[in-house]
Amino acid sequence: LTILDMKCSAPQFQEDKQEGHDTYFSAVVSCEGQSSKWKSSFSLPYPMSFRIKRGADNLLIKFQSNHTNKQIGFLTIEMDALRDQKVHERWLPILDIQDPKSHIGEIKLSMLWIHSNVRYLSTKVREWSNLVDQHRRALNDQQDKLKGLYQPFDKLKHVVDQHMATVL
């Protein structure tokens, strides 16, 4: 699993920012016994990666105020929602640690879980091959149109080709 980007929006973090703190919160991201801490002002400075074996556990993100050193919120993400091996980008609520029915802010996450290298590579090769085929068909269509344009001027084609060679 790679978390490509994280951006937070929460009033409590804004308050810490206004008080002049360098980093406003910490986020601990954990899944399948692995965890990584991220201290930030509001966005992830680099991608964060985890080796996910089964995908049976949820991804858990806990937020702590750096100003008060108290855990203030959390969110969980079911790994099954990421199983399609596509980039998922969405805003999610940060749930209040005291009252999980309310939220203290939002986090925008951009995530990608490649759980099968073979399947992922096969899908990408197929997508790119389809794109190459589309471009080839478009190129062939344009070449046919160019031939049609030259048809009434058959005797000038050689002169035009020479002129184009000197221009390019």
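Relevant structure appears above.
Not measured: the values here are computed from a predicted model.

Remarks on the pairing of strand β1 (residues 2-9)
Examined bridge by bridge, β1 and strand β4 (residues 48-49) share two bridges and lie antiparallel to one another. What sits directly across from T2, in β4, is S49. Where β1 and strand β8 (residues 103-112) come together, seven bridges link them in antiparallel fashion. From the neighbouring strand, D5 faces β8, where its bridge partner is S110.

Details of the packing of aromatic side chains
One pass over the full model with this rule turns up zero aromatic pairs. Between the NZ or CZ atom of K157 and the centre of the ring of Y150, over which it lies, the distance is 5.0 Å.

Side note on the environment of S26
Along the chain, the position of S26 falls in strand β2 (residues 25-31). Sequence separation between S26 and S65 is 39 residues, and the spatial gap between their C-alpha atoms is 6.5 Å. What S26 contacts, discounting residues up to four positions off in sequence, is K37, W38, K39, K62, F63, Q64 and N66.

Looking at unusual backbone geometry
Of note, E32 is a non-glycine position whose phi angle comes to about 50°, a positive value. Even without a glycine there, the phi angle at Q85 is positive, about 65°. In this fold, Q85 is placed in the loop between β6 (71-77) and β7 (88-96). According to the relative accessible area criterion, Q85 is buried, its value standing at 5%.

Reading the values: the criteria
Position numbers for residues start from 1 in each chain and track the written sequence from start to end. Only residues with pLDDT of at least 70 get local features here, since the model is predicted, and only at 80 or more are side-chain atom pairs given and counted; chain-wide, interface and lining totals rely on the full set of residues. As a rule here, side-chain values come from all non-hydrogen atoms in the structure, and water together with hydrogens is ignored. Here the rule is simple: two strands pair whenever DSSP picks up at least two bridges between them. Numbering of helices and strands runs from the N terminus; a helix is a DSSP stretch of H or I covering at least four residues, while a strand is a stretch of E covering at least two. Centres within 6.5 Å make a pair out of two Phe, Tyr or Trp rings, where for Trp the six-membered ring is used; the pair is then stacked when the planes are under 30 degrees apart, edge-to-face when over 60, and tilted otherwise. The rule for a charge over a ring is simple: NZ of Lys or CZ of Arg within 6 Å of the ring centre, and within 35 degrees of the ring normal. Residue contacts are defined here by distance: any two heavy atoms, one from each residue, within 4.5 Å place the two residues in contact. Only protein chains enter the accessibility calculation, which uses a 1.4 Å probe; a residue whose area is less than 20% of its type maximum is buried, one above 50% is exposed, and one in between is partly exposed.

All we've got here are geometric facts, nothing functional implied.
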